[in-house]
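Chain by chain, the residues:
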Amino acid sequence: MPLFACWLAATRAGADTFYISRDPQTEEILLWQNAPTYESPARYSGHDIDSFVIDAGNGDDTLTLDNSDGDPLRSDALIFNGGTGNDSLVFTGP
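Reference entry: report on the structure contained in this document. As the structure is a prediction and not an experimental result, all values here were calculated from the model.

## Here we look at the packing of aromatic side chains
How two aromatic rings sit relative to each other is set out by the distance from centre to centre and by the angle between their planes.
Part 1 of the reasoning: Taken as a whole and judged by the stated rule, the model has three aromatic pairs.
Part 2 of the reasoning: Both rings, one in Phe18 and one in Phe80, keep their centres 6.4 Å apart while their planes meet at 70°; by these two values the pair is edge-to-face. Pair noted here: Phe18 is in strand β2 (residues 17-22) and Phe80 is in strand β7 (residues 78-81), with a separation of 62 residues, a long-range link.
Part 3 of the reasoning: Measuring from ring centre to ring centre gives 5.4 Å for Tyr44 and Phe52, while their planes differ by 85°; the resulting arrangement is edge-to-face.
Part 4 of the reasoning: What makes Phe52 buried here is its relative accessible area of 0%.

Structure representation (structure tokens):
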């Protein structure tokens, strides 16, 4: 299966939040950007993503990687560019 890249940029100035998890039924990557997790996420193909790049820009940005339902991304696929500010990377799950 061919690999591909996914690139996301912040859509607003200031602090951004990104929450990534895995759908245990479809094995898709689920992404909530600046949205609560009860809203519908963006969905991306699972482990066939070669790189998943997030350019958050300026502000105090937070990326949460939730592996409660399995690893959403291959271990070498995620690149988080927080830009300026006090950025956070949060891991949840086992």
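## Description of the pattern of salt bridges
Part 1 of the reasoning: One pass over the full model with this rule turns up five salt bridges.
Part 2 of the reasoning: Among the ionic pairs, Glu28 bridges to Arg43, the shortest N-O distance being 2.7 Å. Here Glu28 is found in the loop between β2 and β3 (29-33), whereas its partner Arg43 is found in strand β4 (residues 42-44), with 15 residues between them in sequence.
Part 3 of the reasoning: Judged by relative accessible area, which is 23%, Glu28 ranks as partly exposed.
Part 4 of the reasoning: Connected through shared salt-bridge partners, Asp23, Glu28 and Arg43 make up one network.

## Examining the environment of Pro36
Part 1 of the reasoning: Locating Pro36 in the fold gives a position in the loop between β3 and β4.
Part 2 of the reasoning: What makes Pro36 partly exposed here is its relative accessible area of 32%.
Part 3 of the reasoning: Sequence separation between Pro36 and Thr17 is 19 residues, and the spatial gap between their C-alpha atoms is 9.4 Å.

## Some remarks on unusual backbone geometry
Part 1 of the reasoning: The phi dihedral of Glu27 is positive, around 65°, even though this residue is not glycine.
Part 2 of the reasoning: With respect to the helices and strands, the residue Glu27 is situated in the loop between β2 and β3.
Part 3 of the reasoning: When its relative accessible area of 43% is taken as the criterion, Glu27 is described as partly exposed.
Part 4 of the reasoning: Phi at Asn34 takes a positive value of approximately 55°, unusual for a residue other than glycine.

## Describing the sheet that holds β4
Part 1 of the reasoning: Overall, mixed pairing links the five strands, which are arranged β4-β3-β2-β6-β8 in an open sheet. Lying at the two open borders of the sheet, with one neighbouring strand each, are β4 and β8 (88-92). The mean inter-strand angle of the sheet, taken between neighbouring strand axes irrespective of direction, is 20°.
Part 2 of the reasoning: Sheet analysis places β3 next to β4, joined by three bridges and oriented antiparallel. Looking at the pairing, Leu31 lines up with Ala42 of β4.

The rules behind the values
- Residues numbered from 1 in each chain as written.
- Predicted model: local features only at pLDDT ≥ 70, side-chain atom pairs only at ≥ 80, totals over all residues.
- Heavy atoms only, no water.
- Phe/Tyr/Trp six-rings, centres within 6.5 Å; stacked < 30°, edge-to-face > 60°.
- Helix = DSSP H or I, 4+ residues; strand = E, 2+ residues; numbered from the N terminus.
- Buried < 20%, exposed > 50% of the residue type's maximum accessible area, 1.4 Å probe, protein only.
- Salt bridge = Lys/Arg side-chain N within 4 Å of Asp/Glu carboxyl O.
- Pairing = 2+ DSSP bridges.
- Axes fitted to C-alpha atoms, helices over the stretch in contact; angles between N-to-C directions.

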